[in-house]
Amino acid sequence: MEITLVEACKKLHFGGGLAAKAKKIKADTHVDFLLKLFTSEIEERERKRRNNYMKAAKFDIIKTFENYTFEDIKFPASLTADDIIDCSFIPKRENLILYGNVGAGKTHLAIATGIAACDAGFRTHFWRTATLVNALIEAKNKSELSLFMKQFDKLDLLICDEWGYVPIDSDGSKLLFQVISECYERKSVIITTNLEFANWNNIFADTKITAALLDRVIHHSHLLDFTNRDSRRLKDALSNQSKL
């Protein structure tokens, strides 16, 4: 039984556009033709995958490594800027803690790393920490916590931005601890915070939960210190003002 090229593509579960691509390809041999056709399909699937991962990550703003400077960021001996850019810490299930002043570029670096992770094929999700806690509490109140927690099962990278900016009550602390426990040694976590570890007791209502959180967050983590780095936003504002 003869079938059309479009029908053959459907039976083989190729994309519907493969037949159209085939008509546009010029090649000297059958092998060269197939290589070009399959390469085109792979590139298309990679583009769709990246777009899907980017959409699922829920970045509220897009930031990349373009024009980003690592100047004045203190790195531990165990990590380099290239390790962040190429996301080599993610397969190792290692964490990044970005600590330092407000406006120093911590969120920018976290998002840029998240976008690079999506490009590299890692499932990523970005949360403002206060928003995550509120969502956890809401899910618990609706008896939907188990369903909500399933979203973390397939993640490779969880980003918790603005960790410690808003105090968290006992219930919120326990729920956040549950998320971190789910990620521990199974996912990578990026945390941005302006609080040193000794002050974490000031934001979490339960000291035992705080100690347990610290234990899991710090283990397998690299601390990047932004305290010697001035506010990028303030610098940009002053620079623009001087041009007036």
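Quick caveat, the model's predicted, so the values are computed rather than measured. (Residues numbered from 1 in each chain as written. Predicted model: local features only at pLDDT ≥ 70, side-chain atom pairs only at ≥ 80, totals over all residues. Heavy atoms only, no water.)

Q: Looking at this structure, I do not really get the overall build of the protein. What am I missing?
A: Across its full length, the protein holds ten helices and five strands. In terms of C-alpha radius of gyration, the protein reaches 23 Å, well past the compact-globule figure of 18 Å for 244 residues. Each of the three principal axes of the protein carries a C-alpha extent, and together these read 75 × 55 × 40 Å. For the protein, with 244 residues in total, the buried portion stands at 39%. Considering only intrachain contacts with a sequence separation of at least 6, the fraction spanning at least 24 residues in the protein is 80%. Carbon and sulfur atoms form 53% of the exposed surface of the protein, whose accessible area is close to 14,200 Å². Separation between the mean location of the 35 positive side-chain charges and that of the 33 negative ones in the protein comes to 5 Å. (Helix = DSSP H or I, 4+ residues; strand = E, 2+ residues; numbered from the N terminus. Rg over C-alpha atoms; globule rule 2.2 N^0.38 Å. Buried < 20%, exposed > 50% of the residue type's maximum accessible area, 1.4 Å probe, protein only. Contact = heavy atoms within 4.5 Å. Areas by Shrake-Rupley, 256 points an atom, 1.4 Å probe, with all protein chains shown as cover. Lys, Arg positive; Asp, Glu negative; His and termini not counted. Charge placed at Lys NZ, Arg CZ, Asp CG, Glu CD.)

Q: Please clarify how unusual backbone geometry should be interpreted in this entry.
A: Glycine aside, the phi torsion of most residues is negative, and most peptide linkages are trans. With a phi close to 60°, cysteine 87 is a non-glycine residue in the positive phi region. Along the chain, cysteine 87 turns up in the loop between helix 4 (81-85) and strand 1 (95-99). Its identity as a non-glycine residue notwithstanding, serine 143 has a phi of 60°, on the positive side. With respect to the secondary-structure elements, serine 143 resides in the loop between helix 6 (129-141) and helix 7 (145-149). Given the relative accessible area of 69%, serine 143 is considered exposed.

Q: Is there a simple way to explain the side chain of serine 188 in this structure?
A: Here serine 188 lies in strand 4 (residues 188-193). Owing to a relative accessible area of 0%, serine 188 belongs among the buried residues under this scheme. Here glutamate 94 takes part through its backbone oxygen, which lies 2.7 Å from a polar atom of the side chain of serine 188. Excluding residues within four positions of it along the chain, serine 188 makes contact with Phe89, Ile90, Arg93, Glu94, Asn95, Asp156, Leu157 and Leu158. (Polar contact = N/O pair within 3.5 Å; in protein donor to acceptor, adjacent residues only side chain to side chain.)

Q: Looking at this model, I keep getting lost on the sheet that holds strand 2 (residues 124-128). Mind explaining?
A: Strand pairing in a sheet takes place through backbone hydrogen bonds and is either antiparallel or parallel in direction. Taken together, the five strands give an open sheet; going across it, the order is 2-3-4-1-5, and neighbouring strands pair in parallel fashion. Looking at the sheet topology across the chains shown, the edges are occupied by strand 2 and strand 5 (221-225). Between one strand and the next, the sheet's axes are offset by a mean angle of 15°, whatever the strand orientation. In the packing of helix 5 (residues 106-119) onto the sheet, the strands contacted are strand 1, strand 2, strand 3 (157-163), strand 4 and strand 5, and the crossing angle to strand 4 comes to about 160°. Contacts from helix 6 reach strand 2 and strand 3, with the element oriented near 95° to strand 2. (Pairing = 2+ DSSP bridges. Axes fitted to C-alpha atoms, helices over the stretch in contact; angles between N-to-C directions.)

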